[in-house]
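Architecture at a glance
Take a look at the letters that make up each chain.
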Amino acid sequence: MALFQAILCYVFGALALGAALVMVAQRNPTYSAFALIVTLVSLSAVFGLFGAPFIAALQIIVYAGAIMVLFLFVLMLLNVRTEVRAPGEGRVFKLVAIGLGALLVGEIGSVLVAARPALAGGFDASARQVARLLFDARYLYVFEATSILILASLVGAIALAKRDPSS
Amino acid sequence: MTPASLDLRPLFPAIVVAVTGLAVLLAQAFTPKGGRAPAAALSLAGLAGALVAVVVIAGGRGRGAVLATSVAADDFALFFQALILAIGIVAVLLSTSYLRETATDRGEYYALVLFAIVGMLGLVSALELVAVFVALEIMSVAVYALAGLQRDRPESQEAALKYFITGSFSSAFFLYGVALLYGLTGRTSLALIAQGLRAGGIAPAAAAAGVASAGAATALALVATALLLVGFGFKVASVPFHMWAPDAYEGAPTTVTALMAAGVKAAAFGAFLRVFLQALPSLAAHWQPAVAVLAIVTMIIGNLGALAQSNLKRMLAYSSVAHAGYLMTALVAAPGLGTEAILFYLVTYAAVNLGGFGAFAALTRSGREPVTLSDMAGLSERRPLLAAALTVFLVSLTGVPVSGGFVGKFYLFSAAVRAGYAHLAIIGMLMSVVSAYYYLRVVVAMYMEPPVGEDPWSRVGTGAALALTISTTVVLVLGVYPGPLMAWARAAAGSLR
């Protein structure tokens, strides 16, 4: 069973990486967006295999669902077919990007070497546990206050975007 | 903990304001087409009700109540909540005539003001970093939208966009700092973080993440402190995180600018004080010099920037930057005297800014606002009372005796001197002298120059007149009789220890 899980984990991991590469390499933004969906779904599968079903579900609902729909909506609304390159995006930009990328790879490598990449034991990331914490007295206030935050954003967005009845 | 043991009293003022916000939205929705819901009256009632709630809590057994280690109704929170609600009431009083004259009279305006105030109330009472962050975001999101409410003015849109982008950026800094502190100590509660940092700051979680040595833990804690400092620096508009302030203050509707200068600054300083004094006291030796440097550059650049402005709103924006610097000189001296001085100064500063921006708002007619010195020429003949009030505010901003601003600055600088930061006080006083030039220039224009052309300004409405009277009274009373407020400020500062 553990072997089967490990195999699945590598398969989905490879899928996520491959799709991410496709996303970056692809010139058509719509295809890039679809490749990103594959990455996100594969990541969700990896989370599920690691025993975090709640994060797996969130990954699908929030990222693969809501956010991707938003991306595709904008792409189709603007009718972008090919990548538009901003002027001035030249060699310096690429060098900086490569430098930062190398830094990130080095950082990940050093962490993998220095710290034992052991999974924390007895870690419960089930939906039940998350719900317990969310409705725990300590976080209850924050959880409720977030609703005001969302309402304020909603009212603000509508106030800024609504067509003026007078004009 | 069972739900029955939840003590909701600390939340009560915020709940009243939030419910009023909902009522304003619903009232607009149920008003027949073309009609206007009494949004301003509802908002005033809600804010006054919340103020009564704060007073009742302060006088009763609710004083010092804590909701589940995350929200407190201690003296510090109650002091700030009373201040913020008073600011809200004055801002709403100023708004009615201004919104009518600039054709921005929409139901959402008052709802957003109320939500911003809910955020501010939460910000000063939160004992826990996640709650601080959520409150900070509620306040910020509402104010971003308010800044852009005059959609036909490109400046207003620019203000909203700049404020939104830099503000979100600063929130990310703040959040990163919170995450690092959580990673180190495994806690988000301010008191428990302080405990953890004092004990060497290595939680089991941090040890598992590879932070093995105490030195590494201290380094991480310092990075977190720096990130929090950047986050708060943006919100209080201290140099070098002030770039957004002049554009946002100038472009936002003037009554919103008044709310930003008075309310957002007070709430941000409240959270700034609480987080740094309650969670990071063991690192004070590290962050105090940094705050001192920020205070110096903020005072200098704020005042020099204000000298160069011809637009009055921009001038007051730079002056607001400079005043963040004055306040930070006392933050270096906190806790104790410094904290009291900051609390006292925030009250006078709020009154002065509401009055100053309020005077501009009160004069606005048919979308035209007084923004230049020549607009102020001869105002003493056309609006003698308003000119007198504006003079009081400008004199108080300069820090001339018999104004609240003088007493406030005296406390700020004497706190800095007693804490051994005399150089900060000297720079502050020198810069106050510089500031006299640009503040008093306006007074000279109002009194010494003859009025030009026809009177283009609006009559001062009842609400605005009331608001300006309140502000003037506060400034003058605090200038001659600061004792009672100082005693409250002392009690409030005491609850941070």
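These figures come from a predicted structure and were not determined experimentally.

1. Here's the deal with the overall build of chain B
Regarding its fold elements, chain B presents 21 helices and two strands. For chain B, whose C-alpha radius of gyration is 22 Å, the value lies close to the compact-globule estimate of 23 Å for 497 residues. In chain B, which comprises 497 residues, the proportion classed as buried is 62%. A separation threshold of at least 6 residues defines the contact pool for chain B, and within that pool the share at least 24 residues apart is 80%. Carbon and sulfur atoms provide 70% of the accessible area of chain B, an area that totals close to 17200 Å².

2. Thoughts on empty space enclosed by the protein
All names here are of chain B. Enumeration over the complete set of coordinates arrives at two cavities of 30 Å³ or more. Roughly 60 Å³ of volume is contained in the largest cavity. Together, Met315, Leu316, Val352, Gly356, Phe360, Leu390, Phe393, Leu394, Leu397 and Val442 line the largest cavity. Going through the elements one at a time, α13 (312-333), α14 (337-363) and α17 (384-398) are the ones with two or more residues in the lining of the largest cavity. At four residues, the largest contribution of residues to the lining of the largest cavity is made by α17. Counted by class, the lining of the largest cavity contains nine nonpolar, one polar and no charged residues. As a volume, the second largest cavity reaches approximately 40 Å³. Lining the second largest cavity, in full, are Tyr163, Lys235, Val236, Ala237, Trp244, Tyr249, Met260, Val264 and Lys265. The set of elements that each furnish at least two residues to the lining of the second largest cavity consists of α9 (214-236), α10 (244-251) and α11 (254-279). In terms of residues, the lining of the second largest cavity owes the most to one element, α11, which gives three residues. Looking at the lining of the second largest cavity residue by residue, the classes come out as seven nonpolar, no polar and two charged.

3. Here's the deal with the interface of chain A and chain B
The interface is formed by 21 residues belonging to chain A together with 29 residues belonging to chain B. For the pair chain A and chain B, the summed buried surface comes to about 2200 Å²; carbon and sulfur atoms form 74% of the total. Across the contact surface, chain A and chain B share zero salt bridges. Applying the counting rule to chain A against chain B returns two residue pairs in polar contact (both at pLDDT 80 or more). Looking at the side of chain A that touches chain B residue by residue, the classes come out as 14 nonpolar, three polar and four charged.

4. Regarding the packing of aromatic side chains
In this description, an aromatic ring pair is defined by two values, namely the gap between the centres and the angle between the planes. All names here are of chain B. Across all of its chains, the model carries 23 aromatic pairs over all chains by this definition. Measuring from centroid to centroid gives 5.2 Å for Phe276 and Trp287, while their planes differ by 85°, and the two rings are edge-to-face. Of the two residues, Phe276 sits in helix α11 while Trp287 sits in helix α12 (residues 284-307), which places them 11 residues apart along the sequence. On the basis of relative accessibility, which here comes to 3%, the residue Trp287 falls in the buried class. Here the aromatic cluster, defined as three or more aromatic residues joined through ring pairs, consists of Phe133, Phe174, Phe232, Phe269, Phe272, Phe276 and Trp287.

5. Here's the deal with the confidence of the model for chain A
Averaged over all residues, the pLDDT of chain A equals 83, while 84% of them reach at least 70. Model confidence for chain A, summarised as mean pLDDT per element, is weakest for helix α5 (residues 127-134) of chain A at 81 and strongest for helix α1 (residues 2-25) of chain A at 90.

Procedures and definitions
Residues numbered from 1 in each chain as written. Chains lettered and ligands numbered in written order. Predicted model: local features only at pLDDT ≥ 70, side-chain atom pairs only at ≥ 80, totals over all residues. Heavy atoms only, no water. Helix = DSSP H or I, 4+ residues; strand = E, 2+ residues; numbered from the N terminus. Rg over C-alpha atoms; globule rule 2.2 N^0.38 Å. Buried < 20%, exposed > 50% of the residue type's maximum accessible area, 1.4 Å probe, protein only. Contact = heavy atoms within 4.5 Å. Areas by Shrake-Rupley, 256 points an atom, 1.4 Å probe, with all protein chains shown as cover. 1 Å grid on protein atoms, 1.4 Å probe; cavity = no way out; pocket = protein on both sides within 12 Å on 5 of 7 lines; lining within 4 Å. Points joined across faces, edges and corners; volume = space filled by probe spheres on them. Nonpolar A, V, L, I, M, F, W, Y, C, P; charged D, E, K, R; others polar. Buried area = accessible area lost by both parts, 1.4 Å probe. Salt bridge = Lys/Arg side-chain N within 4 Å of Asp/Glu carboxyl O. Polar contact = N/O pair within 3.5 Å; in protein donor to acceptor, adjacent residues only side chain to side chain. Phe/Tyr/Trp six-rings, centres within 6.5 Å; stacked < 30°, edge-to-face > 60°. pLDDT = per-residue confidence, 0-100.

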